[in-house]
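What follows is the residue order along each chain.
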Amino acid sequence: MFKNYFKTTIRHLFKSKVNFAFKLGGLTAALFSVLVIVIYVSFQMSFDTFHEDHRNIYRVNSNRYVESKMEKYAMVPPGIGPALKAEFPEIQSFVRLSSDKVLIRYNEKLLKTSGLVQADSSLFDVFNFNFIKGDKRSLGRPGTIILTQSLAEKIFSDEDPIGKLIVFADKSDQTAEVTGVIEDLPPNTHLFISALIPMNTDEKTQWVITWDGSVSLYVKLHQNADPAVLAGKAQSLLNKNIAKTQEGSEKNFSIFLQSISNIHLGSVMSMEFHEKGQILYVYIFLTLGFFLVIIAGINYVNLAIADFRHRSKEIGVRKILGAQKRQIAVQVAMESTAFCLLALLLALLLLYFVFPSLLQFLDPRLSLRMLMDRNVITAVIVIIVFLVLFSTAYPAIQLGLNKPLGDLKNISGLGRKPSTARTLLVVQFAISIICISATVIINGQIEFMKTKDLGYDRHNVVTLVMPEQYPTEKAATLKSQLANLQGVEAVSFSYYHMTGVPYFKGWYKIELNGEMKALEINEVFVDHDYLRLMNIELVEGRNFDVANVADRHSAFIVNETAVRNFGWTAPIGKRISVGVGEQTGQTAEGTVIGVVKDFNTRSLRDAIEPLVIRLPYDAYLGYALNIKAFGDVRAILPAIKSTYETVLPGFLADYRIVEEMYDKQYENENKALNALQMGTWIIVLISSLGVFSLSIYLSMKWMKEFGIRKVVGASSWQISFLHVSHFLKLALLANIVALPVAYWLMNQWLDTFAYKIQVNGLVFLAVAIISFILVAVSAGYSSFKAGRMNPVDVIKGQ
């Protein structure tokens, strides 16, 4: 029996070639997109789950309240770890991590690397690392270093690294002995580690929890420990033992535990260990995948409706010969399964050839091997089963209900009641309209972020990352020689990169209503040329004066937001002092000498905050040396690097292009847009195929009616318009349903940005017009044929 079904299925697949191509093409395109989405989502959801007992590993984060505003930090004071371990038996082990960049020298080779991590020797009790060479116990010895396999190969090539000495060129030529090599961590980890050195534990294991620096703290709990209960008890311990500060910071400080598997997609905090994903875009990908599966199923059902109308006689004969409803359903299910499996095979083949290109705009960490992940395989099986059931149910039920005589006369239930097909078509339209709206608005927001005036000029600026310890007496020489290079417009030192990084915060006393009030405010340290280099507008007062030595400790510039927040009507001359809780010699008292126009160095998700700009208080001018070019800064990069390495021999020029750093902040948005564009094109294509196929089916069904209309005087244009108008009405209904949903969803997304575009009705009017055009084009062929048919042939044929 099944052999018979199989033969019939194969025979029919190649009988109706156009219908076969449409069904197979739509399913293949949808499954291809769904496979990409499933791989991406599975990867994003799998972060840090490869560690043994990852369910029992937590990061200890902190809350800090500043002016009634809570800020979350991914770090805590270093003394908290030892205090918690000593007090609470629920904690099996803990480890503190602190990440840095370093310039490594080995023989004549220089290598700048990120991810040099200081760690407690208990690191391997919390996390899983696979040793290639060496012993984990070596992390407890001062002056040692454990390298990842990739970094060891970069430094030593084919040499055995064990026992070799490497030099930290930018840390006073400190040396470290290589005592181990570990495998690189897999890509699905929030920990970015290229090398491990012992944690400096001087004065950090005391019971009194000091504010001396911050570390990332991870704890591994025993199996039955309750993290919520532990966090409550830990806060009580913290309140008793934390060191008191003059400004009372400890009163607004609390800690909480976060599961390690939730870190990557959790809320963004200050001082994160590494770049994070965003759960919002995972939800967008999941929704897009769901839409694609639904669209693929609907398209298949609509094409099946048109297809089975031509097979009604075949089904009628089968029923007369004794076929039961169950057997008809099995036949339909076999055909659906064959289509789905063939489409899946083609999608896999397409993915094999196209996937490397997709990585360029989706996520370079993805690989085709992830198809073998258990979660991916499970998701694909569920999707295929759903498609088979969804695409089988309606045709099988309707064909089973038809009477054999009706089938033989070509009076099909599928033809008498096309309302289900129309309903499915409206759903297709609605999904397409939502996706088109989202694509247009997200693209608009990204273009807005790319072109918005940030209050400074980010174009043609490169930032040299200065070593942690470099001869400060050469700073002026380096700046002067760079400024004299052909093509360089300005050079300036600052304490931070211009874009994509948080501000420093400091305690200041600000004159408010005649009194000096202590506030924690964002601060930046720059030299005299910084405002000119970045083209930051001075709206009131003056800039720092290089000839005025007193400016170093008594001059402050604030932004417009600070003026508004402080309630100043005449800001110039307002008193500011800094040094609350600072050491003597770092204090400064003075007045506001200028006000700059607000400029946004962070993502446009964040509102601009009050800012104090000041000159460096000592000889160290900052770790960022900014160079602005008259033209494309990339053209003079070789000269910049050569000058840097000539003035600072033994150091390696490390640079960041400011515009690229700014764009990098919106990688997640760009990935979401790329995926949405691809998915939307496929959804629109499949929906258009659905309109095309259903229009052909309905034109054949209504052909007799069209013939009679022509006989009584209807023109070809009127017949064509009558046919197209049926689908335009469905498109109108879909717009009425979909546009309010799209408006709500897009406003929810835009609300995550402090600075955003305004969505107006013209956008949705344009989307509606696009949907009508797509429908008219898709139904155009059948309407054209219907308008040009010969009514005599049609009526005689009926």
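It should be noted that the structure appears before, not after, this text.
Remember, it's a predicted structure, so these values are computed and weren't measured experimentally.

Digging into the overall build of the protein
Tallying secondary structure elements over the protein gives 24 helices and 22 strands in all. Sorting the 798 residues of the protein into buried and exposed places 53% on the buried side.

As for the environment of Leu 191
Relative to the elements of secondary structure, Leu 191 occurs in the loop between strand S8 (174–182) and strand S9 (195–198). Separated by 81 residues in sequence, Leu 191 and Glu 272 place their C-alpha atoms 9.8 Å apart. Contacts of Leu 191, omitting those with residues within four sequence positions, involve Leu 97, Phe 127, Leu 185, Tyr 218 and Phe 273.

Quick look at the sheet that holds strand S12 (residues 461–465)
One open sheet accounts for four strands, arranged S13-S21-S12-S22; its pairing is antiparallel. Whereas interior strands pair on both sides, the edge strands pair on one side only; in this sheet they are strand S13 (488–494) and strand S22 (655–657). For this sheet, the mean inter-axis angle between neighbouring strands, taken without regard to orientation, is 20°. Both S13 and strand S21 (residues 624–629) contribute to a ladder of six bridges, which runs antiparallel. In the strand pairing of S21, Ser 494 is matched with Ala 624. Here helix H14 (residues 475–483) sits on the sheet and contacts S12, S13 and S21; the angle it forms with S13, its principal contact strand, is near 160°.

A look at unusual backbone geometry
Even without glycine at this site, Ser 157 takes up a positive phi of about 55°. Tracing the backbone shows Ser 157 in the loop between helix H5 (149–156) and strand S7 (165–168). Its relative accessible area of 45% is what places Ser 157 among the partly exposed residues. Even without being glycine, Asn 535 reaches a positive phi, approximately 55°. Within the secondary structure, Asn 535 is located in the loop between helix H15 (530–533) and strand S16 (538–541).

A word on the packing of H14 against helix H18 (residues 637–647)
How two helices sit against one another is set out by the angle between their axes and by the gap between those axes. Interhelical geometry of H14 versus H18 gives an angle of 155° and a closest axis separation of 10 Å. Relative to H18, the element H14 lies roughly antiparallel. Judged by the twist between their axes, the crossing of H14 over H18 is right-handed. Contact residues: H14 offers Thr 477, Leu 478, Gln 481 and Leu 482, while H18 offers Ile 640, Thr 643, Tyr 644 and Val 647. Of the residues that constitute the contact of H14 with H18, the class distribution is five nonpolar, three polar and no charged.

With respect to the pattern of salt bridges
For the coordinates displayed, the defined rule picks out 25 salt bridges. A salt bridge links Glu 90 to Lys 233; the nearest nitrogen and oxygen atoms lie 2.4 Å apart. In this pair, Glu 90 is assigned in the loop between helix H3 (80–87) and strand S3 (91–106) and Lys 233 in helix H6 (residues 227–241), connecting sequence segments 143 residues apart. Of the residues examined, Lys 233 reaches a relative accessible area of 35% and is grouped as partly exposed. Measuring nitrogen to oxygen at the nearest pair gives 3.3 Å for the salt bridge that ties Arg 575 to Glu 511. Here the residue Arg 575 occupies a position in strand S18 (residues 575–578), and Glu 511 occupies one in strand S14 (residues 504–512), the gap between them amounting to 64 residues. A relative accessible area of 38% means that Arg 575 is categorised as partly exposed.

Observations concerning the packing of aromatic side chains
Enumeration according to the criterion identifies 14 aromatic pairs in this entry. Plain terms: the ring middles of Phe 43 and Phe 47 are 5.2 Å apart, the flat faces sit at 70° to each other, and that makes the pair edge-to-face. With a centroid separation of 5.6 Å and 85° between ring planes, the pair formed by Phe 124 and Phe 129 is classed as edge-to-face. Judged by its relative accessible area of 12%, Phe 124 is buried. A cation over a ring is seen here: Lys 452 above Tyr 755, with NZ or CZ 5.1 Å from the ring centre. Positioned over the ring face of Tyr 662 is Arg 458, at 4.2 Å from the centre of the ring.

Comments concerning the pairing of strand S4 (residues 109–119)
Pairing between S3 and S4: nine bridges, direction antiparallel. Among the inter-strand pairings, Leu 103 is bridged to a residue of S4, identified as Lys 112. Strand direction decides the pairing type here: S4 and S9, joined by four bridges, are parallel. What sits directly across from Leu 116, in S9, is Ala 195.

Re the environment of Thr 561
Residue placement: Thr 561 occurs in helix H17 (residues 560–566). We classify Thr 561 as buried; its relative accessible area is 6%. Each C-alpha atom, one on Thr 561 and one on Lys 597, is 8.7 Å from the other, the two residues being 36 residues apart in sequence. In this structure Thr 561 touches Asp 598, Ile 608, Glu 609 and Pro 610, once residues within four positions along its chain are discounted.

A few points about a negative patch on the surface
A cluster of acidic side chains, namely Glu 153, Asp 158, Glu 183 and Asp 184, defines a negative patch on the protein surface. Within the secondary structure layout, Glu 153 lies in helix H5.

Structural notes on the side chain of Lys 220
With respect to the secondary-structure elements, Lys 220 resides in strand S10 (residues 216–221). Not counting residues up to four positions away in its chain, the partners in contact with Lys 220 are Glu 52, Asp 53, Asn 56, Ile 57, Glu 90, Ile 91, Gln 92, Ser 93, Asp 125 and Val 126.

Here we look at the nonpolar core
Core analysis: the largest hydrophobic core is formed by 118 residues, its most contacted members being Leu 351, Leu 366, Met 498, Ile 536, Phe 599 and Ile 613. Discounting residues that sit within four places of it in the chain, Leu 366 has contacts with Ile 39, Tyr 40, Phe 43, Phe 355 and Leu 359. The next biggest cluster of nonpolar side chains, apart from the first, holds 26 residues, and it includes Leu 482, Ile 627, Ile 636 and Ile 657.

With respect to the pairing of S10
Most of S10 is tucked away, with six of its six residues classed as buried. Here S10 shows no split at all, with Ser 216, Tyr 218 and Lys 220 on one side and Leu 217, Val 219 and Leu 221 on the other all buried. For S3 and S10, the ladder comprises six bridges, and the chain directions are antiparallel. Looking across to S10, one finds that Val 95 is bridged to Tyr 218.

What to know about H18
Taken together, the buried positions of H18 are occupied by Leu 637, Ile 640, Thr 643, Tyr 644 and Val 647. The buried residues of H18 occupy an angular sector of 130° when projected down its axis, which confines them to one face. Away from its buried face, by an angle of more than 90 degrees, H18 presents the exposed residues Pro 638 and Thr 646. Buried positions along H18 lie against S12, H14, S21 and S22.

With respect to a nonpolar patch on the surface
Taken together, the side chains of Leu 342, Leu 345, Leu 346, Leu 349, Tyr 352 and Phe 353 make up a nonpolar region of the molecular surface, amounting to roughly 600 Å² of accessible area. Tracing the chain through its elements places Leu 346 in helix H9 (residues 325–359).

What counts, and where the lines are drawn
Residues numbered from 1 in each chain as written. Predicted model: local features only at pLDDT ≥ 70, side-chain atom pairs only at ≥ 80, totals over all residues. Heavy atoms only, no water. Helix = DSSP H or I, 4+ residues; strand = E, 2+ residues; numbered from the N terminus. Buried < 20%, exposed > 50% of the residue type's maximum accessible area, 1.4 Å probe, protein only. Contact = heavy atoms within 4.5 Å. Pairing = 2+ DSSP bridges. Axes fitted to C-alpha atoms, helices over the stretch in contact; angles between N-to-C directions. Parallel < 35°, antiparallel > 145°, perpendicular 65-115°, else oblique. Left-handed = near helix turned anticlockwise from the far one by under 90°. Nonpolar A, V, L, I, M, F, W, Y, C, P; charged D, E, K, R; others polar. Salt bridge = Lys/Arg side-chain N within 4 Å of Asp/Glu carboxyl O. Phe/Tyr/Trp six-rings, centres within 6.5 Å; stacked < 30°, edge-to-face > 60°. Lys NZ or Arg CZ within 6 Å of the ring centre and 35° of its normal. Patch = residues over 30% accessible without salt bridge, like charges linked within 9 Å, V, L, I, M, F, W, Y side chains within 5 Å. Areas by Shrake-Rupley, 256 points an atom, 1.4 Å probe, with all protein chains shown as cover. Lys, Arg positive; Asp, Glu negative; His and termini not counted. Charge placed at Lys NZ, Arg CZ, Asp CG, Glu CD. Core = buried A, V, L, I, M, F, W, Y, C linked by side-chain atoms within 4.5 Å. Arc of directions from axis to C-beta.

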